[in-house]
Structure formats: structure tokens, C-alpha cells
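A closer look at the structure
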Amino acid sequence: MADNNLFKLKIITPERVFYEGEVSMVEFNTTEGEIGIYKKHVPTTVIVSPGILTITEAEETKEAALHAGFAEILQEEVVILAEIVEWPEEIDLDRAKAAKDRAEERIRSKTPETDVMRAETALQRALARIHVIK
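All residue numbers here refer to positions counted from 1 along the written sequence of the relevant chain. Given that this is a predicted model, residues contribute local features only at a pLDDT of at least 70 and side-chain atom pairs are listed and counted only at 80 or more, while totals for whole chains, interfaces and linings are drawn from all residues. Values shown for side chains rest on all heavy atoms present in the structure; no hydrogens or waters enter the calculation.

A word on the overall build of the protein chain
By the criteria applied, helices consist of DSSP H or I runs no shorter than four residues and strands consist of E runs no shorter than two, each listed in order from the N terminus. A tally of helices and strands in the protein chain yields 2 helices and 10 strands. When the elements of the protein chain are put in sequence order from the N terminus, they spell out β-β-β-β-β-β-β-β-β-β-α-α. Principal-axis analysis of the C-alpha atoms places the extent of the protein chain at approximately 60 × 30 × 25 Å. The classification of residues rests on relative accessible area computed with a 1.4 Å probe and restricted to protein chains. Under 20% of the type maximum is buried, over 50% is exposed, and intermediate values are partly exposed. Going through the 134 residues of the protein chain one by one, you find that 37% of them count as buried. At a minimum sequence separation of 6, the contacts of the protein chain that also span at least 24 residues come to 52%. Here the protein chain displays about 8200 Å² of accessible surface, and carbon together with sulfur accounts for 50% of that area. Note on definitions: a residue-residue contact is assigned when non-hydrogen atoms from the two residues lie within 4.5 Å. Per-residue and other accessible areas were derived by the Shrake-Rupley procedure at a 1.4 Å probe size, with only the shown protein chains allowed to occlude residues.

This is the structure:
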């Protein structure tokens, strides 16, 4: 018997269809804060912010690092158009730690030329990558 609480989730990047399947819940960061979506959510469109993407399927939960994009939320389907999204096995931990250190250093020693918002976004991306691996 089919689970009536499942809805379609599709995640697309410029390079590939990252994920397509039936899920009971999906969670990710938006510019307005963290959001958790179940079937029959109020239809809306949101801007995705860097963070952890949690996909809850009928039998298991998966995590990935989601960096930016847009999400269209409908009652029976969610489509995320992402710049970059990575499974844990696709992430180089040493590279993520180095990016975290660089971003923290830029924030700590900011000069008039420092783009603080860009450094904070880079830090969020690096932290998401590190969290997903651990």
C-alpha cells in the first residue's frame, strides 16, 4: 500500500538531476530561516541559503550540502533549483576545512576591501560541507 504522506522531491543543478524521488519531509535553509516541508505545504517560492539539506524518505534519511538556489513548494511536489548540492562522498574534507579557515580569517581580519557577506557565505558553505561529512 502506498504511503499517503509522501510527495515528490526533485533537486536539479546545472550539471545534473541530483535527486528525484518520493519523500515524507525535506529540510533546508532559506533566506528567511530553516524550513521543513511536508506534503500539502502552503504553496510558495523561497530562496535557498547555504546549509544542510535533509531528505527524509519512507525508510531512511539522507543529508547533503546545499549551497544556494530557489525552491518551488507545491502541495504535492517540491522542486529545488540549486547552484551546487553535494552528497558526503563527493566532498573533500581537507578542502572544506581549508575554505572554512580562509573564510574565518577574512572575517576576523577584515579590511575596507573585504566583502564580509561573501566571506560569511563561504563560511556557511564550508561548515555545511564539514557537517555533512561528519
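Thoughts on the pairing of strand 1 (residues 7-12)
Judged by which residues are buried, strand 1 turns out to be one-sided: F7, L9 and I11 face inward and are buried, whereas K8, K10 and I12, on the alternate face, are not. Any two strands between which DSSP finds at least two bridges are classified as paired. Alignment of strand 1 against strand 2 (residues 17-23), held across 6 bridges, turns out to be antiparallel. Counted as the bridge partner of F7 is V23 from strand 2. Counting the residues that bridge the hairpin from strand 1 to strand 2 gives 4 residues. Sheet topology places strand 1 next to strand 9 (residues 77-82); 5 bridges connect them, and they run parallel. Bridging across to strand 9, L9 finds its partner in V78.

Digging into helix 1 (residues 93-108)
Here helix 1 contains 16 residues, and its C-alpha end-to-end distance of 22 Å stays within 8% of the 22 Å for a straight helix at 1.5 Å per residue. A96, A99 and A103 are the residues of helix 1 that are buried. End-on, the buried residues of helix 1 take up no more than an arc of 60°, which puts them together on one face. Exposed residues on helix 1 whose side chains face more than 90 degrees from its buried face are D94 and R108. In this structure, the buried residues of helix 1 make contact with helix 2 (116-133). Whenever a nitrogen or oxygen atom comes within 3.5 Å of another N or O atom, the pair is scored as a polar contact, on the condition that within protein one atom can donate a hydrogen and the other can accept it, and that pairs from neighbouring residues in sequence are kept only if both atoms are in side chains. N-capping of helix 1 is provided by D92, with a side-chain oxygen placed 3.0 Å from the backbone N of D94. A helix is expected to reach a length of 1.5 Å times the quantity of its residues less one. Here the arc refers to the set of directions running from the helix axis out to each C-beta atom.

Function cannot be inferred from these measures alone, as they are strictly geometric.
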